[in-house]
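Listed below, chain by chain, are the residues.
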Amino acid sequence: MDEASVRGLLEQAAAGQEPPSRVDVEFARSRAHRKLWWRRASLAGASAAAVVAVLVGAVALPGSGGAAPGRGKVPEAHSPVTAPSRFDPLRPYATFGWLPAGESLAQGMTSRIDVQLTAGTGPAWELTVYAAGFCNLTSGQVLRQLGLHQQPQLDCSKSARGAVYEVTSVAAARVDGHAAFWTANQTYLIWQYANHGWAVLTSPIRKASSVALKVARGVRYGAAGPPVKFPVQAVSMPGAWSVLLVSFGAHTGVLRGYQYALTGTGGRSALISADPASSCYSDRQSTRQTINGYKVIVRQLPSPNGTAPSQLLCAPDANGLAVTVSTPARHASPDAVSIFRRHLRFLGTNPADWTTEPLG
């Protein structure tokens, strides 16, 4: 994630909004070829623009030892009657059920309005589940347009990282009791998992529609999986704060939250990350301090093109964790330094000590 991305995410969090989508059919298609949509950005290394550790990592389903759950049998449908209007970012609303041999959950991102999961390595299974009302058509409307030899466009672009999907055909089998649809070249399998809610699956296997349908029919809904756990907790934050989005991986059988975005009253926002494998980047504009016994590097990110400046603090070792905090500089109460000094609890590297509540 580059500095402009950090500023943009902080600005969106300050407004209490999800990150903006790139509304473009070609963008939607290109997502099928992306190996991972969030890459871990180290604060050190080749690029000075990599300023925040972005959560991503290879993950196995908790308790599975890396094996895909439910293999060999398609679970019964677990879809709700009506999709929720908002999700809880702290508890993934959807989970993979059946996956092909050798495939397992790799990473995930949750927000109030969508859930994104990736399974496998290399070309991956990518699942996006949207909350109610964020796509513009129903299954019946798509079927009617196809019957009139039209090409329906399912517009889910209001959602974070959403897109527009050009439907071209009806799938051979139903999913969650609803008709399922393909885009061109079977790039995306799309279906309503409940009234007013859509799900989208990208398959790494071309010309294997039956496998994709089997994966889709195994998806479970309703926060059926384990909660995300966090090694860093924000405590006693001034004013009212809430979690906007979470990115997670797996760590010793636990869904681990590597980063979360907070939005607070008065236009305040913050990004908090923790990763034991990261390091800190410094430049000539950086200052080095010792806060609560921890050595930290503080950077003031400039504001090109009229965007708001940001403050970034990185601690390479805070109770065994590499911790970063970023805040918009113009919303300086609390800023990254004061959050680190007064409002963070470092829970160490033992998952037994972690919390499911990043806001204490």
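Reading guide: rules and limits
Residues numbered from 1 in each chain as written. Predicted model: local features only at pLDDT ≥ 70, side-chain atom pairs only at ≥ 80, totals over all residues. Heavy atoms only, no water. Phe/Tyr/Trp six-rings, centres within 6.5 Å; stacked < 30°, edge-to-face > 60°. Helix = DSSP H or I, 4+ residues; strand = E, 2+ residues; numbered from the N terminus. Buried < 20%, exposed > 50% of the residue type's maximum accessible area, 1.4 Å probe, protein only. Lys NZ or Arg CZ within 6 Å of the ring centre and 35° of its normal. Disulfide = S-S within 2.5 Å. Polar contact = N/O pair within 3.5 Å; in protein donor to acceptor, adjacent residues only side chain to side chain. Contact = heavy atoms within 4.5 Å. pLDDT = per-residue confidence, 0-100. Arc of directions from axis to C-beta.

Visitor: Explain the packing of aromatic side chains here, please?
Guide: To describe a pair of aromatic rings, you give the distance between the ring centres and the angle between the ring planes. Scanning all chains against the criterion turns up nine aromatic pairs. Between Tyr294 and Phe340 the ring centres are 6.2 Å apart and the planes differ by 80°, which places this aromatic pair in the edge-to-face class. Here Phe340 lies in helix α5 (residues 336-342) and Tyr294 lies in strand β16 (residues 294-301), a separation of 46 residues in the sequence. Classification of Tyr294 by relative accessible area gives partly exposed; the value is 23%. Feature note: the residues Phe87, Tyr93, Tyr193 and Tyr221 constitute an aromatic cluster, connected by ring pairs. Lys214 extends its terminal NZ or CZ atom over the ring of Trp98, reaching a point 4.4 Å from the ring centre.

Visitor: Got a minute to help me understand the state of the cysteines in this structure?
Guide: Where two cysteines share a covalent bond between their sulfur atoms, that bond is called a disulfide. Applying the stated criterion across every chain, the model contains two disulfides. Here Cys135 pairs with Cys156 through a disulfide, and the sulfurs are 2.0 Å apart. Around the S-S axis, the bridge from Cys135 to Cys156 shows a dihedral of about 115° and counts as right-handed. With Cys135 in the loop between β4 (125-130) and α3 (139-147) and Cys156 in the loop between β5 (153-155) and β6 (164-170), the pair connects residues that are 21 residues apart, well separated along the chain.

Visitor: Quick question: what am I supposed to make of unusual backbone geometry here?
Guide: With the exception of glycine, the majority of residues adopt a negative phi angle, and the majority of peptide bonds are in the trans configuration. Residue His149 is not a glycine yet carries a positive backbone phi of 60°. With respect to the secondary-structure elements, His149 resides in the loop between α3 and β5. A relative accessible area of 76% places His149 in the exposed class. The backbone of Asn292 sits at a positive phi, close to 55°, despite the residue not being glycine.

Visitor: Just checking my understanding: could you explain the environment of Glu166 for this structure?
Guide: Inspection of the secondary structure puts Glu166 in strand β6. Owing to a relative accessible area of 17%, Glu166 belongs among the buried residues under this scheme. A distance of 3.0 Å separates a polar atom in the side chain of Glu166 from a polar atom in the side chain of Gln151. Of note is the side chain of Glu166, whose polar atom sits 3.4 Å from the side chain of Gln153.

Visitor: Looking at this structure, I do not really get the environment of Ala83. What am I missing?
Guide: Residue placement: Ala83 occurs in the loop between α2 (25-30) and β1 (94-95). Residue Ala83 is classed as buried on the basis of its relative accessible area, which comes to 6%.

Visitor: Whenever I open this one, the side chain of Gln233 confuses me. Can you help?
Guide: As for its position among the elements, Gln233 is in strand β11 (residues 232-234). Looking at Gln233, its side chain comes within polar contact range of the side chain of Arg345, at 2.5 Å. Here Glu357 takes part through its backbone oxygen, which lies 2.8 Å from a polar atom of the side chain of Gln233. Each residue touching Gln233, except ones within four places of it in the same chain, is listed here: Tyr260, His343, Leu344, Arg345, Thr355, Glu357, Pro358, Leu359 and Gly360.

Visitor: How do you make sense of the confidence of the model for the chain when you look at a structure like this?
Guide: The predicted coordinates of low-pLDDT regions are not to be read in fine detail. Summary statistics for the chain give a mean pLDDT of 78 and a share of 74% for residues scoring 70 or more. Overall, residues 1-7 carries pLDDT values under 50, and its contacts beyond four positions in sequence, including any with other chains, amount to 28 contacts. Of the regions scoring below 50 in pLDDT, residues 19-77 engages in 171 contacts with residues more than four places distant in sequence or in other chains.

Visitor: Would you explain α3 in this entry?
Guide: Residues lying three or four places apart along an α-helix face the same way, a consequence of the helix completing one turn every 3.6 residues. What α3 keeps buried is the set Ser139, Val142 and Leu146. Seen end-on, α3 carries its buried residues on one side only, within an arc spanning 65°. Along α3, exposed side chains directed more than 90 degrees from the buried face belong to Arg144 and Gly147. Looking at the packing, one finds that the buried side of α3 touches β6, β7 (180-183), β8 (188-194) and β9 (197-202). Taken from the residues just after α3, His149 is the one with a positive phi, measuring 60°.

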